[in-house]
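# Residue-level structure breakdown
Spelled out from the first residue to the last, the chains are:
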Amino acid sequence: AIKTHPIGGIRGQVLINGQPAKGLSIYAQSQQASNPVNKSSKVNVSIRGFTGKSGVYFLSGSSRKSVTDQNGEFRFEKLSQGPYGLRVLPKSGKGIDLHREEVQVLANQDANRLIDLQIGSIAVKIAAENGDEPSELNGVAFLIRGAEPKPDLKDASRQGRTQKFNVRNGTFHSGDLPVGDYFMIVQLQGRERLEQTIFVNAGTRELNLTAPPKQAG
């Protein structure tokens, strides 16, 4: 006989600066180890779940995706009972997570979430004091969510807290970011590294920076 799994769901709505947010990717990731499946049972197992009498169920340890509709609403159905990590990503599907939280799914119930986000962005313009042309100010920049000094880029990336940008002609624009503190690293070709803590407000914040000195030699 096929062992039954208690199932429930998650439903909710995402608001950005008070307005329904359409087209955001939402991920629900189980936070418990996968349950073993009886090899003698006729169950079709995949990374997304298993097939039972009532359809495809979500196995522990796997992940599901939903996209918010025009009302900012999303829903996950037929999830195994237990804790889930809920992630909200920008429309681009990459970069710094807009939101993370843990949700407990109970049998025969939907966990309801209202995710009310304050989102901003930055537009950065870098100028050289010595009159160098903007076309000479190229490189990369990183934003790491949080104000801790000298953060580890690899750890921050695994935690969904970092985003990389290409700097062209001394400019770059971040796209959507959760309001809060960030550590910024700018590495222009042939110049010393620029590091500083910034605060992202709701809306777009314009930052005018001075390019660091050229590297010696």
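For the structure itself, look to the data block above.
Below: a short report on this structure. For clarity, every value in this text was computed on a predicted model and none was experimentally measured. Each chain has its residues counted from 1, following the order in which its sequence is written. Note on the predicted model: pLDDT of at least 70 is required for a residue's local features to be given, and 80 or more for side-chain atom pairs to be given and counted; whole-chain, interface and lining totals, by contrast, use all residues. No hydrogens and no water enter the side-chain calculation; it runs on all heavy atoms of the structure.

When helices and strands are counted, the protein shows one helix and 18 strands. When a residue's accessible area, from a 1.4 Å probe over protein chains only, is under 20% of the maximum for its type it is buried; when over 50% it is exposed; and in between it is partly exposed. In the protein, which comprises 217 residues, the proportion classed as buried is 41%. Two residues form a contact once any of their heavy atoms are found within 4.5 Å. At a minimum sequence separation of 6, the contacts of the protein that also span at least 24 residues come to 67%. Per-residue accessibility takes into account occlusion by the displayed protein chains alone, with areas from the Shrake-Rupley method and a 1.4 Å probe. Summed over all atoms, the accessible surface of the protein reaches about 12200 Å², with 46% contributed by carbon and sulfur. The way it works is that DSSP assigns letters per residue, a run of H or I at least four long becomes a helix, a run of E at least two long becomes a strand, and they are numbered from the N terminus.

Once that is clear, we can look at the side chain of Arg-64. Tracing the sequence through the fold places Arg-64 in strand β6 (residues 63-67). Counting rule applied: Lys, Arg positive; Asp, Glu negative; His and chain ends not counted. Criterion for a salt bridge: a side-chain nitrogen of Lys or Arg within 4 Å of a carboxyl oxygen of Asp or Glu. Buried charge without a salt bridge: Arg-64, with Glu-77 as the nearest opposite-charge side chain at an N-O distance of 6.2 Å. Only 2.9 Å separates the side chain of Arg-64 from the backbone oxygen of Glu-77, close enough to count as a polar contact. Any N or O atom pair separated by 3.5 Å or less is treated as a polar contact, with the protein-specific requirement of one donor-capable and one acceptor-capable atom, and with residues adjacent in sequence counted only for side-chain atom pairs.

Before going further, it helps to examine the side chain of Ser-121. Structurally, Ser-121 can be placed in strand β11 (residues 119-127). Assessed through its relative accessible area of 6%, Ser-121 is described here as buried. A distance of 3.0 Å separates a polar atom in the side chain of Ser-121 from a polar atom in the side chain of Thr-204. Not counting chain neighbours up to four residues away, the residues in contact with Ser-121 comprise His-173, Ser-174, Gly-175, Val-200, Asn-201, Gly-203, Thr-204 and Arg-205.

On to the sheet that holds strand β16 (residues 180-188), then. Think of it this way: DSSP has to see at least two bridges between two strands before they count as a pair. The sheet built from four strands is open, its strands ordered β13-β12-β16-β17 with antiparallel pairing. This sheet does not close on itself; its edge strands, each paired only once, are β13 (162-167) and β17 (194-200). Strand-to-strand twist in this sheet, taken as the mean axis angle between neighbours without regard to direction, amounts to 25°. A fitted line through C-alpha atoms serves as each axis, taken over the contacting stretch for helices, and the angle formed by two N-to-C directions is quoted from 0 to 180°.

Sheet strands line up and pair through hydrogen bonds in the backbone, either parallel or antiparallel. In spatial order, the strands read β6-β3-β8-β9; together these four strands make up an open sheet with antiparallel pairing. The open sheet is flanked by β6 and β9 (99-105), the only strands paired with a single partner. Looking at each pair of strands side by side, their axes are set apart by 25° on average, direction ignored. Examined bridge by bridge, strand β8 (residues 82-89) and β9 share seven bridges and lie antiparallel to one another. Residue pairing across strands places Leu-86 opposite Glu-101, the latter belonging to β9.

Glancing now at the packing of aromatic side chains. Side-chain rings of Phe, Tyr and Trp, where Trp is taken by its six-membered ring, are said to pair if the distance between their centres is within 6.5 Å; with planes under 30 degrees apart they count as stacked, over 60 as edge-to-face, and otherwise as tilted. Applying the stated rule across the entire model yields two aromatic pairs. Ring centres of Phe-165 and Phe-172 lie 5.3 Å apart, and the angle between their planes is 25°; this geometry places the pair in the stacked category. You'll find Phe-165 and Phe-172 in the same group, each marked buried.

Okay, unusual backbone geometry next. Positive phi is not limited to glycine here, since Lys-78 has a value of about 55°. With respect to the element layout, Lys-78 can be found in strand β7 (residues 73-80). Relative accessible area serves as the criterion here: at 32%, Lys-78 is assigned to the partly exposed category. Even without being glycine, Asn-169 reaches a positive phi, approximately 55°. Among the structural elements, Asn-169 can be located in the loop between β13 and β14 (171-173).

Time to look at the pairing of β17. Where β16 meets β17, seven bridges bridge the pair, whose relative direction is antiparallel. What sits directly across from Ile-185, in β17, is Glu-195. From the end of β16 to the start of β17, which pair antiparallel, there are five residues, and Gly-190 there has a positive phi angle of about 75°.

By themselves these figures say nothing about function.
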